[in-house]
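Spelled out from the first residue to the last, the chains are:
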Amino acid sequence: DAGVTQSPTHLIKTRGQQVTLRCSPKSGHDTVSWYQQALGQGPQFIFQYYEEEERQRGNFPDRFSGHQFPNYSSELNVNALLLGDSALYLCASSSTRQGAYQPQHFGDGTRLSIL
Amino acid sequence: QKEVEQNSGPLSVPEGAIASLNCTYSDRGSQSFFWYRQYSGKSPELIMSIYSNGDKEDGRFTAQLNKASQYVSLLIRDSQPSDSATYLCAVVSRPHKDDKIIFGKGTRLHILP
């Protein structure tokens, strides 16, 4: 049973560039959430996708956008990269169909470094 | 602003002793609580979930929830060096599709051999 998979593992970009991160949820999960984790901090919620729509969003600017595909996989896009965007980006999946809030399972993350 | 607070540590505990990790939350309507373990450079791993007042035990781990006092704790019995990690407390206000999970900043636990 495959868990949550993310790609790429590491990424180096320069200021002003754009980046796309990818996530495949755990088998049987239909909901994908994205988090940003800076060094020494807890994960900060970016947004959540369900049924191909963004249904909840954290306090992140519009430079952060996403998408969910019919197969439940998801992408996180960040435009106009800033030095402060350097962080570990985590994808977590869960099941909404199973009813009351189900715990999230995390992928290994993408380490994004902005030069 | 909903908040989840944890002591950042580090919390140093001798091997074989009980490690006690605490978490407080601000939203009295919170109903779902999770503990995640995160090793350095790795992603969080779910170790416990608890939804009702009282204790929940799973192996060496016990989660304790007190909704009246708005705190949740994690006890680790017979601490092992492999338990050294950052422990994240996570809270969801309501088991509803519009809610998001809020994480604390985590407590660093160091088990002394």
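Given the structure is predicted, the values throughout are model-derived calculations rather than measurements.

Chemist: Explain the overall build of chain A to me, and be specific about the residues and the numbers.
Modeler: Helices and strands together make up the secondary structure of chain A, namely zero helices and 11 strands. Counted from the first residue to the last, chain A has its helices and strands arranged as β-β-β-β-β-β-β-β-β-β-β. Taken over the C-alpha trace, chain A has a radius of gyration of 13 Å; the compact-globule value for 115 residues is 13 Å, and the two agree within 12%. Overall, the C-alpha framework of chain A stretches about 40 × 25 × 25 Å when taken along its three principal axes.

Chemist: An account of the layout of surface pockets is requested, with residue identities and associated values reported.
Modeler: Estimates place the volume of the second largest pocket at around 400 Å³. What lines the second largest pocket is a set of 19 residues, and nearest its centre among them are Q37(A), G40(A), Q38(B), S40(B) and T86(B). When contributions to the lining of the second largest pocket are tallied by element, the ones reaching two or more residues are β9 (85–92) and β11 (107–112) of chain B.

Chemist: Now, about the interface of chain A and chain B: what can you tell me, with residues and values included?
Modeler: Each partner contributes to the interface: chain A provides 21 residues, whereas chain B provides 21 residues. On the surface where chain A and chain B come into contact, there are zero salt bridges. Elements supplying a minimum of two residues to the side of chain A that touches chain B: β4 (31–37), β5 (44–50), β6 (53–57) and β9 (87–94) of chain A. The dominant element in the side of chain A that touches chain B, judged by the number of residues it contributes, is β6(A), at three residues.

Chemist: Which residues make up the state of the cysteines, and what values do they have?
Modeler: Under the criterion given, the structure shown has two disulfides over all chains. A sulfur-sulfur separation of 1.8 Å characterises the disulfide bridge that pairs C23(A) with C91(A). When the S-S torsion is -60°, as for the bridge of C23(A) with C91(A), the disulfide is left-handed. Of this pair, C23(A) sits in strand β3 (residues 19–24) while C91(A) sits in strand β9, placing them 68 residues apart in sequence. Each member of the pair, C23(A) as well as C91(A), carries the same accessibility label: buried. At a sulfur-sulfur separation of 2.1 Å, the disulfide partner of C23(B) is C89(B). On the sign convention where negative means left-handed, the S-S torsion of about -70° between C23(B) and C89(B) marks this disulfide as left-handed. One end of the pair, C23(B), is in strand β3 (residues 19–25); the other, C89(B), is in strand β9, with 66 residues separating them in the sequence.

Conventions used here
- Residues numbered from 1 in each chain as written.
- Chains lettered and ligands numbered in written order.
- Predicted model: local features only at pLDDT ≥ 70, side-chain atom pairs only at ≥ 80, totals over all residues.
- Heavy atoms only, no water.
- Helix = DSSP H or I, 4+ residues; strand = E, 2+ residues; numbered from the N terminus.
- Rg over C-alpha atoms; globule rule 2.2 N^0.38 Å.
- 1 Å grid on protein atoms, 1.4 Å probe; cavity = no way out; pocket = protein on both sides within 12 Å on 5 of 7 lines; lining within 4 Å.
- Points joined across faces, edges and corners; volume = space filled by probe spheres on them.
- Contact = heavy atoms within 4.5 Å.
- Salt bridge = Lys/Arg side-chain N within 4 Å of Asp/Glu carboxyl O.
- Disulfide = S-S within 2.5 Å.
- Buried < 20%, exposed > 50% of the residue type's maximum accessible area, 1.4 Å probe, protein only.

Without other data, these values stay purely geometric and don't point to any function.
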